[in-house]
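The primary structure of each chain is shown beneath.
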Amino acid sequence: GDQVEQSPSALSLHEGTGSALRCNFTTTMRAVQWFRKNSRGSLINLFYLASGTKENGRLKSAFDSKERYSTLHIRDAQLEDSGTYFCAVSNMGYKLTFGTGTSLLVDP
Amino acid sequence: EAAVTQSPRNKVAVTGGKVTLSCNQTNNHNNMYWYRQDTGHGLRLIHYSYGAGSTEKGDIPDGYKASRPSQENFSLILELATPSQTSVYFCASGEGQPYEQYFGPGTRLTVL
């Protein structure tokens, strides 16, 4: 079946710094979604991309269907950015396939 | 205003008991989904629905049933709850090609 790998599995950042999370998939996908699961357990929808890049505040995401990856860049990290970040990809059907997540901890 | 809501938000059940998790969406989407999320795993699909009256098995349906009585409501039913079903459950609705899903806030279920 479709495989979705996220890296790194865990990441620690100091406040004010930044990094990139990566989502690789084994087959061509038509869209990607990025989510953050926060400390209360809620799943926050960050981005939906069918191509190109999107930016929202300190977050920026890119999707390359041909090269089979997506990235989520975080800049000027804040304490409230801590949580687990999931990517999920979709193809022709109605099914999302999720990665196993990146656990991000932002410390002062 | 939240378009996908779940109830209860937290539930403690006993082994062998019946548990019903409810989901309501105001997006008017045909498709709805139930997932569970466990530490070290992404979200895994349990059941989904294409519309009122339809339910389909997802990737891990064993031990779960689903009910879609209306466009807005989709329930997940654990007839005989087991401790292995302790998890966080997410409901979603979705539409569009390529596909996008919208998630509820999650239900934390503990089976003792």
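Our structure is the block above this text.
Residues numbered from 1 in each chain as written. Chains lettered and ligands numbered in written order. Predicted model: local features only at pLDDT ≥ 70, side-chain atom pairs only at ≥ 80, totals over all residues. Heavy atoms only, no water.

Draft legend 1. Looking closely at the nonpolar core. Residue and element names in this part refer to chain A. Counting residues in hydrophobic clusters, the biggest one holds 22 residues, and the most contacted among them are Trp34 and Leu72. Those elements that provide at least two residues to this core are strand 2 (10-14), strand 3 (19-25), strand 4 (31-37), strand 5 (43-49), strand 7 (59-64), strand 8 (69-74), strand 9 (83-90) and strand 11 (102-107). Dropping the residues within four chain positions of it, Leu72 is found in contact with Ser19, Ala20, Leu21, Trp34, Leu46, Phe47, Leu59, Lys60, Ser61 and Tyr85. (Core = buried A, V, L, I, M, F, W, Y, C linked by side-chain atoms within 4.5 Å. Buried < 20%, exposed > 50% of the residue type's maximum accessible area, 1.4 Å probe, protein only. Helix = DSSP H or I, 4+ residues; strand = E, 2+ residues; numbered from the N terminus. Contact = heavy atoms within 4.5 Å.)

Draft legend 2. Layout of the layout of surface pockets. Looking at the second largest pocket, its volume works out to about 220 Å³. Together, 14 residues line the second largest pocket, and Thr84(A), Gln37(B), Asp38(B), Thr39(B) and Gly40(B) are the ones closest to its centre. Counting residues per element, the ones that place at least two in the lining of the second largest pocket are strand 9 and strand 11 of chain A. Its residues assigned to classes, the lining of the second largest pocket comprises two nonpolar, ten polar and two charged. (1 Å grid on protein atoms, 1.4 Å probe; cavity = no way out; pocket = protein on both sides within 12 Å on 5 of 7 lines; lining within 4 Å. Points joined across faces, edges and corners; volume = space filled by probe spheres on them. Nonpolar A, V, L, I, M, F, W, Y, C, P; charged D, E, K, R; others polar.)

Draft legend 3. The pairing of strand 3 (residues 19-25) of chain B, seen in detail. Residue and element names in this part refer to chain B. Residues of strand 3 alternate between two faces, with Val19, Leu21, Cys23 and Gln25 buried on one and Thr20, Ser22 and Asn24 left unburied on the opposite face. Sheet topology places strand 1 (residues 4-7) next to strand 3; four bridges connect them, and they run antiparallel. Each residue of the ladder has a partner; that of Gln6, found in strand 3, is Cys23. In this structure, strand 3 lies alongside strand 8 (residues 73-78), joined through six bridges in antiparallel fashion. From the neighbouring strand, Leu21 faces strand 8, where its bridge partner is Leu76. (Pairing = 2+ DSSP bridges.)

Draft legend 4. Spatial organisation of the state of the cysteines. Counted by the stated rule, this structure contains two disulfides over all chains. A disulfide bridge connects Cys23(A) with Cys87(A), and the sulfur atoms are separated by 2.0 Å. Where Cys23(A) bonds to Cys87(A) through sulfur, the torsion about that S-S bond is close to 75°, and the disulfide is right-handed. Of this pair, Cys23(A) sits in strand 3 while Cys87(A) is found in strand 9, placing the two residues 64 residues apart along the sequence. Judged on exposure class, the residue Cys23(A) and its partner Cys87(A) are both buried. One disulfide in the model links Cys23(B) with Cys91(B); its S-S distance is 1.9 Å. Of note, the bridge from Cys23(B) to Cys91(B) carries an S-S torsion of about -75° and is left-handed in sense. On the criterion of sequence distance, the pair formed by Cys23(B) in strand 3 and Cys91(B) in strand 9 (residues 87-95) is long-range, its members being 68 residues apart. (Disulfide = S-S within 2.5 Å.)

Draft legend 5. Seen up close, the environment of Ala88(A). All names here are of chain A. Position of Ala88 among the secondary structure elements: in strand 9. Accessibility expressed as a relative area gives 1% for Ala88, which makes it buried. On a C-alpha basis, the gap between Ala88 and Gly99 in space is 6.1 Å, while along the polypeptide they are eleven residues apart. In contact with Ala88, other than residues within four places in its own chain, are Ala31, Val32, Gln33, Phe35, Leu96, Thr97 and Phe98.

Draft legend 6. Quick look at the sheet that holds strand 7 of chain A. Residues and elements named next belong to chain A. Ordered by their spatial adjacency, five strands build an open sheet running 1-3-8-7-6, and the pairing between neighbours is antiparallel. Pairing within the sheet leaves two strands with one partner each, and these edge strands are strand 1 (4-7) and strand 6 (52-56). Averaged over all neighbouring strand pairs, the angle between strand axes comes to 15°, with direction disregarded. By the bridge criterion, six bridges tie strand 3 to strand 8 in an arrangement that is antiparallel. (Axes fitted to C-alpha atoms, helices over the stretch in contact; angles between N-to-C directions.)

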